[in-house]
Amino acid sequence: MPTDDQQAQKQRVAAAALDRVREDSILGVGSGSTVNCFIDALAASGRRIEAAVSASEATTAGLRSHGIEVRELNHVGTLDVYIDGADEFDPHHRLIKGGGGALTREKIIAAASRQFVCIVDASKRVGVLGKFPLPVEVIPMARSYVARQLVAMGGQPELRQDFVTDNGNVILDVHNMDLVDPVGVERQINNLAGVVTCGLFALRPADVVLMATDSGVEEV
């Protein structure tokens, strides 16, 4: 659970992200606790958007609870802006995402958006990615095979217990993976048979990182 200070930071950066939203646009919306704050801020602001494309079933429910229309990505084309959080970010705006399990849909929407705005609190800033375990979404029959390959790459994968993604797959959380070259590792993991995608957002990093601190919000 976030501390009171972290929750205040999440709310602060969520409000700051509203300046990135163009009225009457179709907005990509990610998932997680900071995004939930953004959805609440968007609804309270009165800012009018045409619709949203959602990265998770939970986000869809949150958007619809505020009367915001949710559309399928297949029906809307390229999005202007995608707003989402991260579990970690580095100085090059490369991310680890997937702590909530929505990494595949998040990665798809990020790829389909002209601008990816990442909203985080200061605790998510790192020099090198990898302190947070790297999520890997895997087709169930490939779980053991992929785990062996991840071990061969130097990681320590653990099956996320009692969890199934919105796509019907499982997640391996990989500890102690060397992520000095996150682009290369992302390619290598994504090329494993049975992997849907991994939670490295290095090939398509964030364009903008808004980070909340105790003193305000800064664009990193």
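Since we're looking at a predicted model, the values are computed, not measured. (Residues numbered from 1 in each chain as written. Predicted model: local features only at pLDDT ≥ 70, side-chain atom pairs only at ≥ 80, totals over all residues. Heavy atoms only, no water.)

Peer 1: Looking at this structure, how should I read the nonpolar core?
Peer 2: Across soluble globular proteins, you tend to see nonpolar side chains buried next to one another. One finds Leu27, Phe38, Ile83 and Ile119 to be the most contacted residues of the largest nonpolar core, which totals 25 residues. Elements that contribute at least two residues to this core include exactly helix 1 (4–16), strand 1 (26–29), helix 2 (33–45), strand 3 (79–84), strand 6 (113–121) and strand 12 (208–213). At 6 residues, helix 2 tops the list of elements feeding residues into this core. Among all residues touching Phe38, those that are not within four sequence positions of it are Ala14, Ala17, Leu18, Val21, Leu27, Ile83 and Ile119. Core analysis: the next-biggest nonpolar cluster, separate from the first, contains 22 residues, Val126, Ala142, Val170 and Met177 among them. (Core = buried A, V, L, I, M, F, W, Y, C linked by side-chain atoms within 4.5 Å. Buried < 20%, exposed > 50% of the residue type's maximum accessible area, 1.4 Å probe, protein only. Helix = DSSP H or I, 4+ residues; strand = E, 2+ residues; numbered from the N terminus. Contact = heavy atoms within 4.5 Å.)

Peer 1: Please clarify how the layout of surface pockets should be interpreted in this entry.
Peer 2: Over the atoms rolls a probe the size of a water molecule, and in doing so it shows where empty space is left. Here the largest pocket defines a volume of roughly 450 Å³. Contributing to the lining of the largest pocket are 30 residues, with Ser31, Gly32, Ser33, Gly99 and Gly100 lying nearest its centre. At the level of secondary structure, the elements contributing two or more residues to the lining of the largest pocket comprise helix 2, helix 3 (57–65) and strand 6. For the lining of the largest pocket, the element with the most residues is helix 2, which contributes 4 residues. Broken down by class, the residue content of the lining of the largest pocket amounts to 9 nonpolar, 13 polar and 8 charged. What the second largest pocket holds in volume is close to 280 Å³. Around the second largest pocket, the lining is made up of 14 residues, and of these Val53, Ser54, Glu72, Leu73 and Arg105 lie nearest the centre. Every element with two or more residues in the lining of the second largest pocket is listed here: strand 2 (51–54), helix 3 and helix 4 (103–111). A per-class count over the lining of the second largest pocket returns 5 nonpolar, 4 polar and 5 charged. (1 Å grid on protein atoms, 1.4 Å probe; cavity = no way out; pocket = protein on both sides within 12 Å on 5 of 7 lines; lining within 4 Å. Points joined across faces, edges and corners; volume = space filled by probe spheres on them. Nonpolar A, V, L, I, M, F, W, Y, C, P; charged D, E, K, R; others polar.)

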